[in-house]
Amino acid sequence: PHLAALVLARGGSKGIPLKNIKLLAGVPLIGWVLRAAIDASVFHSIWVSTDHDEIEKVAKQFGAQVHRRSPEVSQDSSTSLEAIREFLNHHHEVDIVGNIQATSPCLHPSDLIQVADLIQKEGFDSVFSVVRRHQFRWSEVKKGENKMTEPQNLNPAKRYRRQDWPGELYENGSFYFAKRHLIEKGYLQGGKMAYYEMRAEHSVDIDIDIDWPIAEQRVLSFGYFGKEPLKEVKLLVCSIDGCLTNGRIYVTEDHKEMVSYDYRDIVGIDLLKKRGIQVRLISDRDCSKTLSAMQLGCVAKVCATNKLQVLKDWQEDMSLSWKEVAYLGNEESDVECLKQAGMSGVPADACAAAQKAAGYICKSRGGCGAVREFAEHIFLLLEKVNSARKQ
């Protein structure tokens with residue numbers, strides 16, 4: 001049977017404008033679940049249903065196909081079921097839909113693999129995700145009602161300790177898998193049903209803006225970053241123009257060049273060095289006088305006509321794997337380096353080709369703190385590496 005992953009990503013989110021492609025830990029929100037779906041290798045096709053051009057662009061960058069949904073199922077009042085049924089009406093080859101929520105960025109391929117087995121090999125008609133919670137529930141008393149609240153799932157005289165109570169299962173909205181015949185009857189859950197219990201730390205759902213910074217920390221700690229395990233970064237190579245500087249060149253009357261940089265970026269470079277990470281600089285123009293004036297104490301290569309070859313030479317000289325190399329670039333000349341490095345980033349104002357190739361898009365612009373921000377991102381991922389080692 002044809003199993004299709006389907007991510008519903010309407011453009012008109014009321015809570016957070018274009019929430020589905022807002023950057024979360026440097027990656028568009030929808031990119032986290034698409035990466036997990038692709039690497040699970042259980043889907044015959046992976047789709048994003050959207051009504052918005054920018055969401056379509058991001059979806060294709062991450063390797064998904066796009067179904068342009070109609071205005072009728074793109075309203076605030078439209079339900080997920082309506083959008084899924086419209087998708088099936090246009091794709092008769094699909095037998096099973098795995099509806100994955102774009103707002104669940106800590107989803108892992110292993111979860112999707114196990115759910116696919118439940119529905120394809122064990123004969124379930126529908127499978128949905130749940131999370132175990134240890135929360136005591138009480139009845140609601142509305143204002144003005146002359147009655148007392150009542151316990152719903154506990155005896156107050158014998159309150160459970162957490163370790164003595166198995167808790168309760170709640171839908172977490174991460175995904176709903178269902179066979180075509182159920183969906184056509186108007187159900188996402190029905191027939192022979194099963195739940196799939198996700199780990200609590202992977203159960204992250206972004207509904208309101210205040211959740212965003214919390215979700216970023218959760219994603220950096222528990223998110224899925226790709227098939228290969230992360231390794232400790234030993235080398236950061238940074239493009240000078242447009243990353244360390246804002247890319248602008250000021251020329252005086254006596255033909256001298258001046259550039260500006262942000263002191264935060266210098267601090268970021270110093271912090272990287274203190275953590276034992278080498279920082280090297282690269283430029284395709286001759287800016288040796290600028291570098292001399294900045295006194296950064298970094299190895300630099302200017303007039304680099306082939307940045308990728310320079311990067312390969314440095315990687316080989318230091319006997320590093322590509323997973324131990326990070327690269328911060330912003331122009332088309334950086335694209336191949338961004339693709340090759342194990343960790344890659346670009347400033348917020350980088351060109352479209354560089355943004356597409358990068359694994360992390362900074363909130364800061366070039367010359368305005370992007371190097372410091374990328375350094376902080378590296379430090380957070382190093383904590384993830386160290387935590388994995390301890391486990």
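Labelled according to an unreviewed UniProt entry, the protein appears under the name N-acylneuraminate cytidylyltransferase, originating from Climacteris rufus. In the Pathway (unreviewed entry) part of its UniProt record, the protein is described as follows: "Amino-sugar metabolism; N-acetylneuraminate metabolism." On record in UniProt, under Sequence similarities (unreviewed entry), the comment for the protein is "Belongs to the CMP-NeuNAc synthase family."

Draft legend 1. Representation of the nonpolar core in the model. The biggest cluster of nonpolar side chains holds 44 residues, and the ones touching the most others in it are L244, L281, F374 and I378. Ranked by residue count, the leading element in this core is helix α13 (residues 370–390), at eight residues. The residue makeup of this core includes at least three contributed by each of domain 1 (3–222) and domain 2 (235–389). Discounting residues that sit within four places of it in the chain, I378 has contacts with V233, L236, L272, I277, A326 and M343. Residues A36, A37, V48 and F177 belong to the second largest nonpolar core, which totals 37 residues.

Draft legend 2. View of the sheet that holds strand β10 (residues 235–239). Strand order in this open sheet of six strands is β14-β13-β10-β15-β16-β17, and the pairing throughout is parallel. Two strands bound the open sheet, and with one partner strand each, they are β14 (299–301) and β17 (360–361). Pairing geometry for strand β13 (residues 278–282) and β14, over three bridges, is parallel. Of the residues in β14, the one forming a bridge with R280 is V299.

Draft legend 3. A look at helix α10 (residues 307–317). Buried within α10 are the following residues: K307, L308, V310, L311, W314 and Q315. Projected onto a plane normal to the axis of α10, the buried residues spread over an arc of 160° and lie on a single side. Opposite the packed face of α10, turned more than 90 degrees from it, sit the exposed residues E316 and D317. By the N-cap criterion, in which a side-chain oxygen at the helix start approaches the backbone nitrogen of a residue two or three places on, α10 is capped by N306, the distance to L308 being 3.3 Å. A positive phi of about 55° marks S319, the residue just after α10.

Draft legend 4. Focus on the pattern of salt bridges. Tallied over the full model, the rule gives 20 salt bridges. E184 is paired through a salt bridge with R180; the nearest N and O atoms lie 2.9 Å apart. Of this pair, E184 and R180 both sit in helix α5 (residues 180–184), four residues apart, which is roughly one turn of the helix. What makes E184 partly exposed here is its relative accessible area of 44%. The partner of K363 in a salt bridge is E216, and the shortest N-O contact between them spans 3.4 Å. Of this pair, K363 sits in the loop between β17 and α13 while E216 sits in helix α6 (residues 211–222), and the two are 147 residues apart along the sequence. A relative accessible area of 55% means that K363 is categorised as exposed. Within this structure, D53, E56, K60 and R68 form a network of salt bridges that share partners.

Draft legend 5. Spatial organisation of the sheet that holds strand β7 (residues 126–133). Taken in spatial order, the seven strands make up an open sheet running β5-β4-β1-β6-β8-β7-β9, and their pairing is mixed. On the outer flanks of this sheet lie β5 (65–68) and β9 (193–198), each paired with one strand and no other. Strand-to-strand twist across the sheet, computed as the mean angle between neighbouring axes with direction ignored, equals 30°. Examined bridge by bridge, strand β1 (residues 3–8) and strand β4 (residues 45–50) share five bridges and lie parallel to one another. Bridged to L8 within β4 is S49. Contacting β1, β4 and β6 (96–100), helix α1 (residues 29–40) crosses the sheet at an angle of about 160° to β4. On top of the sheet, helix α3 (residues 80–90) reaches β1, β4, β5 and β6; it is set at about 135° to β1, its chief contact.

Draft legend 6. Here's a closer look at the domain arrangement of the protein. If you check the domain split of the protein, you get domain 1 (3–222) and domain 2 (235–389). The straight-line distance from the C-alpha centre of domain 1 to that of domain 2 is 37 Å. Facing the 10 residues of domain 1 at the interface are nine residues of domain 2. Overall, the association of domain 1 and domain 2 removes approximately 820 Å² of surface from exposure, summing both partners, and the carbon and sulfur fraction of that is 58%. Taken as a group, G26, Q61 and L220 account for 53% of the area that domain 1 buries against domain 2, more than any other trio of residues on that side. Put simply, domain 1 and domain 2 have one salt bridge between them. Ranked by residues supplied to the side of domain 1 that touches domain 2, first place goes to α6 with five residues. Among the residues forming the side of domain 1 that touches domain 2, the class breakdown is five nonpolar, four polar and one charged.

Draft legend 7. Structural detail: the pairing of strand β15 (residues 325–328). Going residue by residue along β15, you find V325 and Y327 tucked away on one face and A326 and L328 tucked away on the opposite face as well. Strand direction decides the pairing type here: β10 and β15, joined by four bridges, are parallel. The residue of β15 that forms the bridge with V237 is Y327. Examined bridge by bridge, β15 and strand β16 (residues 343–346) share three bridges and lie parallel to one another. Residue pairing across strands places Y327 opposite S344, the latter belonging to β16. In the classification by handedness, the crossover that spans β15, the intervening helix α11 (residues 335–340) and the parallel β16 is right-handed.

What counts, and where the lines are drawn
- Residues numbered from 1 in each chain as written.
- Predicted model: local features only at pLDDT ≥ 70, side-chain atom pairs only at ≥ 80, totals over all residues.
- Heavy atoms only, no water.
- UniProt positions renumbered as here; feature names shortened; annotations may be inferred.
- Core = buried A, V, L, I, M, F, W, Y, C linked by side-chain atoms within 4.5 Å.
- Buried < 20%, exposed > 50% of the residue type's maximum accessible area, 1.4 Å probe, protein only.
- Helix = DSSP H or I, 4+ residues; strand = E, 2+ residues; numbered from the N terminus.
- Domains from an automatic or database assignment.
- Contact = heavy atoms within 4.5 Å.
- Pairing = 2+ DSSP bridges.
- Arc of directions from axis to C-beta.
- Polar contact = N/O pair within 3.5 Å; in protein donor to acceptor, adjacent residues only side chain to side chain.
- Salt bridge = Lys/Arg side-chain N within 4 Å of Asp/Glu carboxyl O.
- Axes fitted to C-alpha atoms, helices over the stretch in contact; angles between N-to-C directions.
- Buried area = accessible area lost by both parts, 1.4 Å probe.
- Nonpolar A, V, L, I, M, F, W, Y, C, P; charged D, E, K, R; others polar.
- Right-handed = clockwise from strand over helix to strand, strands pointing away.

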